[in-house]
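# Tertiary structure, described
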Amino acid sequence: MTGPDSHPRVPVIAIDGPTASGKGTVASRAAAALDFHYLESGALYRLVAYLGGSDPVRDAAGLDVAFRDGSIILSGQDVTDHIRTEAVGNRASEVAKIPQLRGALLARQRAFRRPPGLVADGRDMGTVVFPDAVLKVFLTASAEVRATRRHKQLIDKGIHANLAALSRDLAERDARDAARAVAPLRPAGDAVVLDSSALTVDEVVDKVLMLFRKRNAGLA
Ligand code: DC
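Notes on the structure follow. Fair warning: this is a prediction, and the values are worked out from it, not measured in the lab.

With respect to topology, 5 strands assemble into an open sheet ordered β2-β6-β1-β7-β8, the strand pairing being parallel. If you trace the sheet from one side to the other, it starts and ends with β2 (37-40) and β8 (192-195), each paired once. Direction aside, the axes of adjacent strands within the sheet are offset by 20 degrees on average. In the sheet, β2 pairs with strand β6 (residues 118-122) via 4 bridges, with the strands oriented parallel. Paired with L39 across the bridge in β6 is A120. With respect to the sheet, helix α1 (residues 23-34) is in contact with β1 (12-16), β2, β6 and β7 (135-140), its orientation differing from that of β6 by roughly 175 degrees.

Structural data, given as structure tokens:
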């Protein structure tokens, strides 16, 4: 069984937030610091979008994916860079609206919950996938900061990017992710909302680790 209670004692840290809020970097660093497993749930939606099949629900149910040392292997092929493009991100946000597709990915996401613990990032980690997470963080940053960060990331990778177009796409994607009927982007009622606009990655990671230690000690 892979429901939320299949490993009730394995702690989960859920990090949700809008596009380019830095949640992926923060979540993977927090996972490394704690020696926990890491789930980048957005990659699953990106993989389905990348496949671009006529039946995305079936594609989601049958995904043959392995996460290996930061690389994402789809049916034996390394597709890490292919699924990181803005175009695939935008299409992922489209397919993510389909309730049956989200359902098809649920057990797969919950199966990542294995000892000694899991850090999971996405849009609905704290609200739907791991509602019993010991710590839920909703990571935000101003739209301007997020667009500038994403622009820098792309330019650093040698990918041409236009800041104004990027800002527009991010705003559209956030609006779509927040407006959908199923598992919309929103903080869980018991999430700690963290605005990273004026913080470094290290500062955010430290804050997450500090909150987790306090939770574990029953202090917060
Ligand atoms: O985190 P990301 O930018 O890689 O996610 C790409 C898209 O996938 C995002 O715009 C919406 C969707 N997504 C989702 O609906 N639920 C998640 N838990 C993660 C991603």
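Now that the structure is up, let's keep going.
Once that is clear, we can look at the pattern of salt bridges. One pass over the structure, following the stated rule, counts 13 salt bridges. K97 is the partner of E94 in a salt bridge, and the nearest nitrogen-oxygen pair spans 3.1 Å. Its relative accessible area of 36% is what places E94 among the partly exposed residues. In this structure, R113 and D132 form a salt bridge, with 3.2 Å as the shortest nitrogen-oxygen distance. With a gap of 19 residues between them, R113 in the loop between α6 (99-110) and β6 and D132 in the loop between α7 (125-129) and β7 connect regions that are remote in the sequence. Classification of D132 as partly exposed rests on a relative accessible area of 33%. The structure contains a network of salt bridges with shared partners spanning E86, R150 and R173.

On to the site of the ligand. Close to the ligand lie 16 residues, the nearest being R46, R102, R123, D177 and R180. Between an oxygen atom of the ligand and a side-chain N or O atom of K23, the distance comes to 3.4 Å. The contact in question runs from a nitrogen atom of the ligand to an N or O atom on the side chain of S41, over 3.0 Å. If the ligand stood free it would expose 440 Å²; the protein chains cover 97% of that surface. Per-element accounting of the shell around the ligand gives the leading share, 4 residues, to helix α2 (residues 41-51).

A sheet is described by the order of its strands in space; here 3 strands give the open sequence β3-β4-β5, paired in antiparallel fashion. Either end of the sheet is taken by a strand with one partner, and the two such strands are β3 (65-68) and β5 (77-78). For β3 and strand β4 (residues 71-74), the ladder comprises 4 bridges, and the chain directions are antiparallel. Following the sheet pairing, A66 is matched in β4 by I73. Taken strand by strand, α2 contacts β3 and β4, and its axis lies near 45 degrees from that of β4.

The rules behind these values
- Residues numbered from 1 in each chain as written.
- Predicted model: local features only at pLDDT ≥ 70, side-chain atom pairs only at ≥ 80, totals over all residues.
- Heavy atoms only, no water.
- Pairing = 2+ DSSP bridges.
- Helix = DSSP H or I, 4+ residues; strand = E, 2+ residues; numbered from the N terminus.
- Axes fitted to C-alpha atoms, helices over the stretch in contact; angles between N-to-C directions.
- Contact = heavy atoms within 4.5 Å.
- Salt bridge = Lys/Arg side-chain N within 4 Å of Asp/Glu carboxyl O.
- Buried < 20%, exposed > 50% of the residue type's maximum accessible area, 1.4 Å probe, protein only.
- Near = heavy atom within 4 Å.
- Polar contact = N/O pair within 3.5 Å; in protein donor to acceptor, adjacent residues only side chain to side chain.
- Areas by Shrake-Rupley, 256 points an atom, 1.4 Å probe, with all protein chains shown as cover.

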